[in-house]
Amino acid sequence: MSDDSPGGLPTPTPSVNPETQPYWNATADGRLMLRQCTDCDEAYHYPRNRCPACYSESTEWIDASGYGEIYSFTVTHGGVGGDYAEATPFVLAYVTLDEGPRMLTNIVDVDITGDRAGLAIGQEVEVVFAPVSDGDNDHSLPRFKPVR
Amino acid sequence: MSPSDVAIGGIYEHPLREAPEKSTAQLHAEVAAGALDDAGLSFEDVDAYITDGPPSAMSMVDYLGLKNITHVDSTSVGGSSYLFHVGHAADAIASGKCNVALVTMAGRPRSKRGGGRPSNRPEAGFERVYGTATVNMYALAAQRHMHEYGTTQEQLAEIRVAASNHAQYNEQAMYQDPVTIEDVTESRPVSEPLNLLDCCVVSDGGGACVVVSPEVAAELEREAVWVLGQGEAIKHHDGGKIDLTYTGAVESGPRAFQQAGVAHEDIDYASIYDSFTITVLETIEDLGFCEKGKGGEFVEGGALQAPNGDLPFNTDGGGLCNNHPGNRGGMIKIIEAVRQLRGEANEEVQVPDCDTALANGTGGSLGTRMASSTLVLGGGAQ
């Protein structure tokens, strides 16, 4: 399966809570945000109000560049439930963002069945946004594609 | 009294691997009765009840009608829960809270697939939306380990090969046929680089053990197995600084070794949690049985093979071939270690003169957040 667009994968509605609402609202504008501590300067993910590095509550939103590199990836053929069971094979990955944190995501716009160009640990990637299918929410899932 | 004076007096592994006609509470009750019978004790003797559920400890105490409960623990950390439970039971007994702690687990994922629970966990919105599952999160760890250390699929396959060689002597094992490296590497890819035979079985059933005070142990007919040491740890995502190449055993292992006062060369047998082959490989390294990154070389050439390998492991066939009830394999790890120390493992895989054993449990996911508990157990007159 070749993903020509981020829309090639399921787009389940994320679970949103008051701490993460701004993150998801920003995705609708095509922005990837991180939480950063104003005491220790650590940028972290997933977002939460208290810094997991130094426990400070002095934290704020920052815009991520949207660029990073693949830390690890797996081409998944089975063992998954829900909508993804129908979407195999697909790529699950950790991307190390330029700001430091690693985030779980999918790698799209790669040919999984062919030579797999662009699918390697260390590959530079950039964020793309897939609008969620649930019409009640104005959110997008950040995914990544190879920088070519 | 020190926790090291506390003993495991009874064990029981449910013989079923598929149980469509039984309730989960019924399975708990059956393994409870089995472990108490093995110890020579009765429900009347039980004064502590421990399970991660489901059902909850409260529901199970009610179901069983237990009347003398003075201590309860429901620590729930996935498949490693029971290795936490034994350590916590030892502490509770040592501090005088109780004398006979019954630890049970059961589940029916083979009969009743799916049934994922709705979640209010804080990380929920950032993982499952990308198609995460148990297997592909462990696959991410395997891929990174291979990248950093040159570990190969053939080396991971060695772990399944050793487990399958052991399982051929266990007539209750789900998969009793020995497999080759090629059988593993050529089995269907599930989530690369993990193939079908890199994954544990899905089974119904359960297991139990009874943890007892030295006074109770002295009165039992069975030879006690001593809880020499236990260490536990949570290793997590660290705000995005996760390193997929190691497990929480880097912390739980030294804690257990220190409490037990034993060294690696003292360990005659090891039960290593084997949800996937990569779980075993990383855990062996993290416990210090070989240098970090050298796990692949270590398992080559039959190091895990009982009875004569350097580190005989999972002689029942492990979760990979024998049993992984309720998707939580920790109790069976304890049970097989106790069998080895009693000299009651299957004859062909019984480690000669086995008097110190280790059991390591892994809960949660190598790919995100996980719990690790390491138990060091001793047989005979310690």
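Residues numbered from 1 in each chain as written. Chains lettered and ligands numbered in written order. Predicted model: local features only at pLDDT ≥ 70, side-chain atom pairs only at ≥ 80, totals over all residues. Heavy atoms only, no water.

1. Observations regarding the overall build of chain A
Along chain A, the regular secondary structure elements total one helix and eight strands. Written out in order from the N terminus, the α and β elements of chain A read α-β-β-β-β-β-β-β-β. By the compact-globule yardstick of 15 Å for 148 residues, chain A fits well, its C-alpha radius of gyration being 16 Å. Principal-axis analysis of the C-alpha atoms gives chain A an extent of 45 × 35 × 30 Å. A burial count over chain A gives 51% of its 148 residues as buried. Here the contacts in chain A between residues at least 6 apart in sequence split such that 54% fall between residues at least 24 apart. Charged side chains of chain A number 9 positive and 23 negative; the gap between the two group centres comes to 3 Å. (Helix = DSSP H or I, 4+ residues; strand = E, 2+ residues; numbered from the N terminus. Rg over C-alpha atoms; globule rule 2.2 N^0.38 Å. Buried < 20%, exposed > 50% of the residue type's maximum accessible area, 1.4 Å probe, protein only. Contact = heavy atoms within 4.5 Å. Lys, Arg positive; Asp, Glu negative; His and termini not counted. Charge placed at Lys NZ, Arg CZ, Asp CG, Glu CD.)

2. Structural notes on the pattern of salt bridges
Residues and elements named next belong to chain B. Evaluation of the coordinates by the stated rule reveals 23 salt bridges over all chains. The closest approach of N and O atoms between R339 and E13, which form a salt bridge, is 2.7 Å. Placement of R339 in helix α12 (residues 330-342) and of E13 in strand β1 (residues 7-13) is noted, with a sequence separation of 326 residues between them. For R339, a relative accessible area of 18% puts it in the buried group. Given the relative accessible area of 7%, E13 is considered buried. Notably, a salt bridge pairs R328 with D52, separated by 3.0 Å at the nearest N-O pair. Taken together, the residues span a long stretch of sequence, with R328 in the loop between α11 (318-321) and α12 and D52 in the loop between β2 (48-50) and α2 (57-64) at a distance of 276 residues. (Salt bridge = Lys/Arg side-chain N within 4 Å of Asp/Glu carboxyl O.)

3. Observations concerning the environment of V100(B)
Residues and elements named next belong to chain B. Here V100 shows up in strand β4 (residues 100-107). Spatially, the C-alpha atom of V100 lies 9.0 Å from that of L41, the residues being 59 residues apart in sequence. With sequence-adjacent residues up to four places away left out, V100 is seen in contact with L41, D45, V46, D47, A48, V210, V211, V212 and V216.

4. Structural notes on the packing of helix α3 (residues 81-94) of chain B against α12(B)
Residues and elements named next belong to chain B. Contact pair α3 / α12: the axes reach a minimum separation of 6 Å and the direction vectors enclose 60°. As far as their axial angle goes, α12 and α3 are oblique. Contacts between α3 and α12 involve Y82, L83 and V86 from the former and G330, M331 and I334 from the latter. Considered class by class, the residues forming the contact of α3 with α12 number five nonpolar, one polar and no charged. (Axes fitted to C-alpha atoms, helices over the stretch in contact; angles between N-to-C directions. Parallel < 35°, antiparallel > 145°, perpendicular 65-115°, else oblique. Nonpolar A, V, L, I, M, F, W, Y, C, P; charged D, E, K, R; others polar.)

5. Examining the confidence of the model for chain B
Averaged over chain B, the pLDDT score is 95; the fraction of residues at 70 or greater is 97%. Two numbers describe this predicted complex: its pTM, 0.94, and its ipTM, 0.93. (pLDDT = per-residue confidence, 0-100.)

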